[in-house]
Amino acid sequence: CGPIKQNSPFRCKPKQKPPTTKELAIQRYASEYPPATICEPLKLNSPFQCTRNVEVPATTRLSLSVAAAQAVFAVSGIILVALLRKLSKPAETSSGDDELRSVVRKLRITVDKLDSKVDQLGTGQDQLRTG
């Protein structure tokens, strides 16, 4: 160990005989590596532990609150639209031309009925004049 001890970051320990029983091995391990020495480097520089408290500015909190509200509104709107589309599906899908034709047909029927009523009224007036 002489030359290693002079200029080296490594520790030089005399070689010990391995323990012969489980109890001796536990005892030697506990004496060489106590829990405090094992955990101390992890406590000093742990990536899982944050010891610094940083205050978030009010503008950042407000911005995050608005963004969260917009996200909730967008998701709830999408869900509502999807539910309404599933609930109110028409029995048969028709194009805009079909709908326009049916409206025109209804108007023609209505106009024809009105013409027949006017004709009936006209004949009724002629009968009154002659009668």
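This is a predicted model, so every value here is computed, not measured. (Residues numbered from 1 in each chain as written. Predicted model: local features only at pLDDT ≥ 70, side-chain atom pairs only at ≥ 80, totals over all residues. Heavy atoms only, no water.)

**Some points on the overall build of the protein chain**
Here is step 1 of the chain: A count of helices and strands for the protein chain gives five helices and zero strands.
Here is step 2 of the chain: The order of α-helices and β-strands along the protein chain, N terminus first, is α-α-α-α-α.
Here is step 3 of the chain: Classification of the 131 residues of the protein chain by burial places 1% in the buried group.
Here is step 4 of the chain: Entry remark: accessible area of the protein chain is about 13,100 Å², with carbon and sulfur atoms responsible for 62%. (Helix = DSSP H or I, 4+ residues; strand = E, 2+ residues; numbered from the N terminus. Buried < 20%, exposed > 50% of the residue type's maximum accessible area, 1.4 Å probe, protein only. Areas by Shrake-Rupley, 256 points an atom, 1.4 Å probe, with all protein chains shown as cover.)

**Describing the packing of aromatic side chains**
Here is step 1 of the chain: Summed over all chains, the structure comprises one aromatic pair.
Here is step 2 of the chain: Considering the side-chain rings of Y29 and Y33, the 5.2 Å spacing of their centres and the 45° angle between planes classify their relative orientation as tilted. (Phe/Tyr/Trp six-rings, centres within 6.5 Å; stacked < 30°, edge-to-face > 60°.)

**Some remarks on the confidence of the model for the protein chain**
Here is step 1 of the chain: Model confidence for the protein chain is summarised by a mean pLDDT of 76, while 66% of its residues fall at 70 or above.
Here is step 2 of the chain: The element-level mean pLDDT for the protein chain is lowest in helix α1 (residues 2-6), coming to 59, with helix α4 (residues 58-87) highest at 93. (pLDDT = per-residue confidence, 0-100.)

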